[in-house]
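Summary of the model geometry
Residue-level listing of the chains:
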Amino acid sequence: MRYVSTRGEDQGAGFRDILLGGLMGDGGLAMPSAYPRLSTADLESMHAMSYRDLAFAVLRLFATDVPEAVLRGLVDKTYTADVYCNGRPGEDAQQITPVRQLELGVYLLALSNGPTLAFKDMAMQLLGNLFEWALAENGETLNILGATSGDTGSSAEYAMRGKHGIRVFMLSPHGKMSLFQTAQMFSLSDSNIHNLAVRGVFDDCQDVVKAVSNDLAFKRQYRIGTVNSINWARVVAQVVYYFKGYFAVAPEAGAPVSFAVPSGNFGNICAGHIARMMGLPIRRLILATNENDVLDEFFRTGVYRPRGTAETRQTSSPSMDISKASNFERFVFDLVGRDPARIESLWRQMATDGAFDLRGTPEWQTIGRYGFVSGASTHQNRLETIRRAWETYRLMIDPHTADGLKVGMEYREEGVPLVCLETALPAKFAETIQEALGRAPVRPRKFEGIEQLPQRSVVLAPDAEVVKNFIRERAVECG
Ligand SMILES: *Cc1c(COP(=O)(O)O)cnc(C)c1O
């Protein structure tokens, strides 16, 4: 399998070439040169596979330059019942992503049983093991620098803790994360994890990360890397759970199934698009946004208009509060017939006009082929959906999952099973649960009393030079 860039200049890279990177050299995103296609016989042979076997079967098609025995070992080490266990009643941790029927034809795919209680662990845990192996192979080290407002940072830290050759420097806004999220990150005692609490807001943290990354000499000398959502391995690791969800509910291989996906950076649902392009019989990909409805607007109108940070609202499903969807270019690449010149021109137009508009183009006429439909939620919708799930299904869901369930139900069709992806556990968002249900969320036993554990972090000024000095003193320098 070879990879191309959506901007067309970089061609022919292998999986290992793009594994540790973010953007391609020409500023585009990595895409497989063609999607592997699975026949009905292939699908039938996958029907009864465990999550681990499915993960190997899917990933080996994309990571063809990782020796199969190595890949098998990394997958087996990643997807184990003791990593993905929260002991929720009726759930079988061996399933890794257990499926629960909510009502006739409607299911919840539990993706949040990983170490930080969000679906990001599904991919990030594999990434940690892949990175550690690739770095050892190349005799290299990596210093991961990131900014977080909660979910991504903790997921990355739990994936990279204790890994050889990797250090993590994670910036977060000092005193602005929830007590639970702060405790999750700051109670890690691994010596390769560094929590930098920056005096400022999330945007200040991001500005510092950008400033440090723009110092190319520093970046090279200390081999600074990221684990952001455009990383290809992160996207492809998520393809697996669409297969798992599909086989759990499809009456037979070949029957249509729809998925409802709460979306922010278009990473999760992009994996669904890839699974569908591979031949998994997904009928609809139901995209759900919150009040930040850039993506819903696109699928309804054909206009893609990313918002400025000032226009981005803070909502009660905060992990979907994005201004532009960083993985969206991958889907548009397919939509425009994989024409990098067209991508260039659309993104140039966006830079000058703030938007691009596909209405009336031949490309937009083909949109129906891809199965996308969309909708958005408000805070009120979220509260109602959480309440209804509790009253009808005796199930506590988190605000992001609620956004997906709400929009999913709007597009539900007779005779087509609907799988709603759970993206986090309610324990992470106690305030909204309290508002919706008048009670605190249930917390998995291993997180009881986490706020009382000793915490480790340093408070720093929002200043790139200060952060660089901190890294210099602790990083592994590259020869
Ligand atoms: C990251 C995240 C999302 C959004 O996922 P994308 O891949 O960015 O679309 C939704 N819900 C939760 C809880 C998240 O952490």
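Check the entry above for the structure.
Structural notes, computed from the coordinates. The structure displayed is predicted, hence computed values, not measured ones.

A word on the overall build of the protein
For the protein, the count of helices and strands is 19 helices and 16 strands. In terms of overall size, the protein behaves like a compact globule, its C-alpha atoms giving a radius of gyration of 21 Å where 479 residues would be expected to give roughly 23 Å. Within the protein, the proportion of its 479 residues that are buried is 59%. A sequence separation of at least 24 residues applies to 75% of the contacts in the protein between residues at least 6 apart. On the protein, roughly 18,700 Å² of surface is accessible, and the fraction owed to carbon and sulfur atoms is 48%.

Side note on the nonpolar core
Judged by nonpolar contacts, the single largest core of 115 residues is most densely connected at Trp232, Tyr242, Phe243, Phe266, Phe298 and Phe328. Per element, the largest residue contribution to this core is 13 residues, and it comes from helix α10 (residues 232–249). Residues contacting Trp232, with those up to four places away along its chain left out, are Tyr3, Phe15, Ile18, Ala30, Met31, Pro32, Phe62, Ile274 and Arg330. Residues Leu102, Val106, Ala389 and Trp390 belong to the second largest nonpolar core, which totals 23 residues.

Here's the deal with the site of the ligand
For the ligand, the set of nearby residues contains 14 residues, the closest of which are Lys120, Asp151, Gly264, Asn265 and Asn268. Asn268 places a main-chain nitrogen or oxygen 2.9 Å from an oxygen atom of the ligand. A total of 380 Å² of accessible area belongs to the ligand in isolation, and the protein chains cover 97% of it. The class makeup of the residues in the shell around the ligand is four nonpolar, eight polar and two charged.

About the criteria used
- Residues numbered from 1 in each chain as written.
- Predicted model: local features only at pLDDT ≥ 70, side-chain atom pairs only at ≥ 80, totals over all residues.
- Heavy atoms only, no water.
- Helix = DSSP H or I, 4+ residues; strand = E, 2+ residues; numbered from the N terminus.
- Rg over C-alpha atoms; globule rule 2.2 N^0.38 Å.
- Buried < 20%, exposed > 50% of the residue type's maximum accessible area, 1.4 Å probe, protein only.
- Contact = heavy atoms within 4.5 Å.
- Areas by Shrake-Rupley, 256 points an atom, 1.4 Å probe, with all protein chains shown as cover.
- Core = buried A, V, L, I, M, F, W, Y, C linked by side-chain atoms within 4.5 Å.
- Near = heavy atom within 4 Å.
- Polar contact = N/O pair within 3.5 Å; in protein donor to acceptor, adjacent residues only side chain to side chain.
- Nonpolar A, V, L, I, M, F, W, Y, C, P; charged D, E, K, R; others polar.

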